[in-house]
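Structure at a glance
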Amino acid sequence: MHHTTPAVPTLSATEVHGVTRSAFILRGTLAVAGLYGAGAVGPFVSRSLAQDGGANGDVEILNFALTLEYLEAEFYRRALDLDLSAEVKALAGTLGAHEAAHVSALTETIEALDGTPAKEPKFSFPIKDEASFLELAQTLEDTGVSAYNGAAPAISSPEVLAAAGSIVQIEARHAADIRRARGEPQAPEPFDKALEMPDVLKAVKPFVRA
Amino acid sequence: MLEPRTNLPNRDGEPAMEQLARDPSSRKRFLSAVGGAGAATVFAGLLAACGQNGGGEGERVGDTGSVGAGSGGPTGGAAATRQKNPDPKMGTSDLEILNYALSLEYLENAFYARVLESDLFTGSDLEMIKGFAQNEREHLEAIKATVQKMGGEPAAEPKTKFPLGKPTSVLTLAATLENAGAAAYLGQANRIRSKEVLAAALSIHTVEARHAAALNALLGLAPEPEGAFAVPAPMEEVLASVQQFIVTPTP
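The present account deals with the structure reproduced in this document.

About the thresholds
- Residues numbered from 1 in each chain as written.
- Chains lettered and ligands numbered in written order.
- Predicted model: local features only at pLDDT ≥ 70, side-chain atom pairs only at ≥ 80, totals over all residues.
- Heavy atoms only, no water.
- Buried < 20%, exposed > 50% of the residue type's maximum accessible area, 1.4 Å probe, protein only.
- Helix = DSSP H or I, 4+ residues; strand = E, 2+ residues; numbered from the N terminus.
- Core = buried A, V, L, I, M, F, W, Y, C linked by side-chain atoms within 4.5 Å.
- Contact = heavy atoms within 4.5 Å.
- Axes fitted to C-alpha atoms, helices over the stretch in contact; angles between N-to-C directions.
- Left-handed = near helix turned anticlockwise from the far one by under 90°.
- Nonpolar A, V, L, I, M, F, W, Y, C, P; charged D, E, K, R; others polar.
- Arc of directions from axis to C-beta.
- Phe/Tyr/Trp six-rings, centres within 6.5 Å; stacked < 30°, edge-to-face > 60°.
- Salt bridge = Lys/Arg side-chain N within 4 Å of Asp/Glu carboxyl O.
- Parallel < 35°, antiparallel > 145°, perpendicular 65-115°, else oblique.

For helix α8 (residues 235-242) of chain B, the buried fraction is high: seven of the eight residues fall into the buried class. Of the positions making up α8 of chain B, those classed as buried are Met-235, Glu-237, Val-238, Leu-239, Ala-240, Ser-241 and Val-242 of chain B.

The following block contains the structure:
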């Protein structure tokens, strides 16, 4: 019964119509299983599907975001060990501090919703110098923007949505910062793409150690 | 029921919403400095042009919480409020929000058009401005088309005036408009009812944020002036801040 026509043709990348909350969560959960092993997500599925909407669904999305923030925060920590120019080192420090603040905020939000924060996975990143760091940073930040933009419409709590919006704006600013450092266009598209959870997890899988 | 937003800490350990309520940023200081009581009147005509009820039957309901940073944070319990809002006149409809966004896009478009006419910029700065202008043009067209698809009437384009001086002051004005735009979209995100409209608004929101960060950096300012958490701006505050760029029709 709820089926609005797509907002605008040019916005097709962001459309989430036809995706029910359950479907969104289930697909994300299956993707998590692919990432961490099926055993890790048994309770996760039953809980989120039993209660379509509400705090439990939001907790799943917040844990998805938390995992991405763990990854970004650790990525910038590792970058500081590289031989970076003063400017890029300062940038990595600032962005890393923001990501660490996102980790804390999401963890506390999940706990406030009586959820269990996801554990931090072990990561490895193929970065060896400034160029490879900046290149991967651009991918991660652009992916982060798309991940939040894709997940946000499935959030049910206005407060959680506001928090996600406040964070994704910073991810977008980071993406622009990194692109500037690389001499790339900072806003190459008029509309940032939305990515679904499985696609995001697939994109970051190479950096998660089993 | 707990309110997650109030528990969001920043990296100094202070809950983000309290930090937001304290109004720390220079942007906010700027906005309060230029704020005027007449702004709502200027835009009332624009907003009145929109239809009765464009909310659509979205999933997100209970949009009772103001996201206004200046209002001192959430007033409670909205996370627990899942029942449908019984009165469609309560709260702002999606069409009103879209026409508000359209009004801001008109401003940004008019501004960039003036800047590109001015020959003030060359080289990479000019390329950047052209790119941003193109993005804003697409935002404007997309929002206008969305309003029409929802059966609403797009807000009329306002007459605008911008003080264009030296390149640095023009870039400062651009940064002001883009930062205000990002804060404005963020301020509406959790008031939008339709998932489709929300997805569209989010995809524009992060592009405004990219523009804002790029311009801040070009000016030697912090690309994330508010730190790890962006601060939303309520509609009234944004409208007050842009009033100076609207030519008020004289009767």
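Okay, back to it.
Nonpolar side chains tend toward joint burial in soluble globular proteins. Ranked by size, the top nonpolar core spans 85 residues in total, and within it Phe-64, Phe-75, Tyr-76, Phe-125, Ile-127 and Phe-133 of chain A together with Ile-143 of chain B carry the most contacts. No other element matches helix α3 (residues 54-79) of chain A, which puts 13 residues into this core. Those residues in contact with Phe-64 of chain A, other than ones at most four positions away along the chain, are Ala-147, Ala-151, Met-197, Val-200 and Leu-201 of chain A.

Residues and elements named next belong to chain A. Direction vectors running N to C along helix α4 (residues 86-112) and helix α5 (residues 130-151) enclose 35°, while the axes themselves pass 13 Å from each other. Like other packed secondary-structure pairs, α4 and α5 cross with a definite hand, here left-handed. Contact residues: α4 offers Val-88, Ala-92, Leu-95, Glu-99 and Leu-106, while α5 offers Glu-130, Phe-133, Leu-134, Glu-141 and Tyr-148. The residue inventory of the contact of α4 with α5, partitioned by class, reads seven nonpolar, no polar and three charged.

Where helix α7 (residues 197-204) of chain A is concerned, the buried positions are Met-197, Val-200, Leu-201 and Val-204 of chain A. Take α7 of chain A and look down its axis: the buried residues cluster within an arc of 95°, on one side only.

So, about unusual backbone geometry. In this model, Asp-114 of chain A sits at a positive phi of 65°, which is unusual for a non-glycine residue. When you line up the elements, Asp-114 of chain A lands in the loop between α4 and β1 (122-123). Residue Asp-114 of chain A is classed as exposed on the basis of its relative accessible area, which comes to 69%. For Asp-119 of chain B, which is not a glycine, the phi torsion comes out positive at approximately 60°.

Here we take up the packing of aromatic side chains. The geometry of an aromatic ring pair comes down to the distance between the two centres and the angle between the two planes. Residue and element names in this part refer to chain A. Tallied over the entire structure, the rule returns nine aromatic pairs over all chains. Residues Tyr-76 and Phe-133 carry aromatic rings whose centres are separated by 5.9 Å and whose planes lie at 80° to one another, so their mutual orientation is edge-to-face. Here the residue Tyr-76 occupies a position in helix α3, and Phe-133 occupies one in helix α5, the gap between them amounting to 57 residues. Phe-133 shares its class with Tyr-76; the two are buried. Of the aromatic side chains, those joined through ring pairs into one cluster are Phe-75, Tyr-76, Phe-123, Phe-125, Phe-133 and Phe-207.

Tallying each qualifying case throughout the model produces seven salt bridges over all chains. Two residues, Arg-77 of chain A and Glu-120 of chain A, come together in a salt bridge whose shortest N-O distance is 3.9 Å. Of the two residues, Arg-77 of chain A sits in helix α3 while Glu-120 of chain A sits in the loop between α4 and β1, which places them 43 residues apart along the sequence. A salt bridge links Lys-130 of chain B to Glu-127 of chain B, with the shortest nitrogen-to-oxygen separation between them at 4.0 Å. In this pair, Lys-130 of chain B and Glu-127 of chain B are both assigned in helix α5 (residues 123-149), three residues apart and thus about one turn of the helix distant. Within the structure, one salt-bridge network assembled from shared partners comprises Glu-74, Arg-77, Arg-78 and Glu-120 of chain A.

Residue and element names in this part refer to chain A. Where α4 contacts helix α6 (residues 158-182), the two axes come as close as 11 Å, and the packing angle between them is 160°. Between α4 and α6, the interaxial angle falls into the category roughly antiparallel. When the axes of α4 and α6 are compared, the crossing they make is left-handed. The residues of α6 that touch α4, namely those facing Leu-91, Leu-95, His-98, Glu-99, His-102 and Leu-106, are Ile-167, Ile-170, Glu-171, His-174, Asp-177, Ile-178 and Ala-181.

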